[in-house]
Amino acid sequence: DTLKLILSTFTLVFAAEWGDKSFLATIALGAASSPLGVAGGAVAGHGVATALAVAGGAVLTRYFSPKVLQ
């Protein structure tokens, strides 16, 4: 059940990001330099972007109804 969730999440993100310039640049950078360093940076960057989105959403819901934001 957990593996199925992980695979479906990976597939969704992969499909959404396929063809994105940053996605292709990450692949090229990983091939040209340390793959572990690139993977770590990509995960950290994604974490920061997610944290900013969550924080921004929390601020917006203080001023607007969630129905308005849909």
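What you are looking at is a predicted structure, and each value in this text was computed from that prediction instead of being measured.

Thresholds, definitions, all that
Residues numbered from 1 in each chain as written. Predicted model: local features only at pLDDT ≥ 70, side-chain atom pairs only at ≥ 80, totals over all residues. Heavy atoms only, no water. Helix = DSSP H or I, 4+ residues; strand = E, 2+ residues; numbered from the N terminus. Rg over C-alpha atoms; globule rule 2.2 N^0.38 Å. Buried < 20%, exposed > 50% of the residue type's maximum accessible area, 1.4 Å probe, protein only. Areas by Shrake-Rupley, 256 points an atom, 1.4 Å probe, with all protein chains shown as cover. Domains from an automatic or database assignment. Axes fitted to C-alpha atoms, helices over the stretch in contact; angles between N-to-C directions. Parallel < 35°, antiparallel > 145°, perpendicular 65-115°, else oblique. Contact = heavy atoms within 4.5 Å. Nonpolar A, V, L, I, M, F, W, Y, C, P; charged D, E, K, R; others polar. UniProt positions renumbered as here; feature names shortened; annotations may be inferred. Expected span 1.5 Å × (residues − 1). Phe/Tyr/Trp six-rings, centres within 6.5 Å; stacked < 30°, edge-to-face > 60°.

A. Structural context of the overall build of the protein chain. Each helix and strand in the protein chain was counted, giving four helices and zero strands. Helices and strands in the protein chain line up, N terminus first, as α-α-α-α. In terms of overall size, the protein chain is more extended than a compact globule, its C-alpha atoms giving a radius of gyration of 16 Å where 70 residues would be expected to give roughly 11 Å. Expressed as lengths along the three principal axes of its C-alpha atoms, the size of the protein chain is roughly 45 × 30 × 20 Å. Counting all 70 residues of the protein chain, 4% fall into the buried class. Of the roughly 5,900 Å² of accessible surface on the protein chain, a fraction of 73% belongs to carbon and sulfur atoms.

B. Local environment of the domain arrangement of the protein chain. The domain architecture assigned to the protein chain consists of domain 1 (1-32) and domain 2 (34-69). Between the C-alpha centres of domain 1 and domain 2 there is a distance of 17 Å.

C. Examining the packing of helix α2 (residues 21-32) against helix α3 (residues 35-63) more closely. It is the contact of α2 with α3, at a shortest axis distance of 7 Å, that shows an interaxial angle of 150 degrees. Between α2 and α3, the interaxial angle falls into the category roughly antiparallel. Along its contact with α2, which presents Thr26, Leu29 and Gly30, the element α3 presents Pro35, Val38 and Ala42. Among the residues making up the contact of α2 with α3, the classes are represented as four nonpolar, two polar and no charged.

D. Just the UniProt feature "transmembrane region" (unreviewed entry) in the protein chain, in detail. With numbering matched to this structure, UniProt assigns "transmembrane region" (unreviewed entry) to residues 43-64. Secondary structure content for residues 43-64 is 95% helix and 0% strand, while the C-alpha to C-alpha distance between its ends is 31 Å.

E. Up close: helix α1 (residues 2-17). With 16 residues, α1 extends 23 Å between its outermost C-alpha atoms, agreeing within 8% with the 22 Å of an ideal straight helix rising 1.5 Å per residue. Positive backbone phi, approximately 90 degrees, marks Gly19, located one or two places after α1.

F. How the structure looks around the packing of aromatic side chains. Applying the stated criterion across every chain, the model contains one aromatic pair. Judged by centre distance (5.9 Å) and plane angle (25 degrees), the ring pair of Phe10 and Phe14 falls under stacked. In this pair, Phe10 and Phe14 are both assigned in helix α1, four residues apart and thus about one turn of the helix distant.

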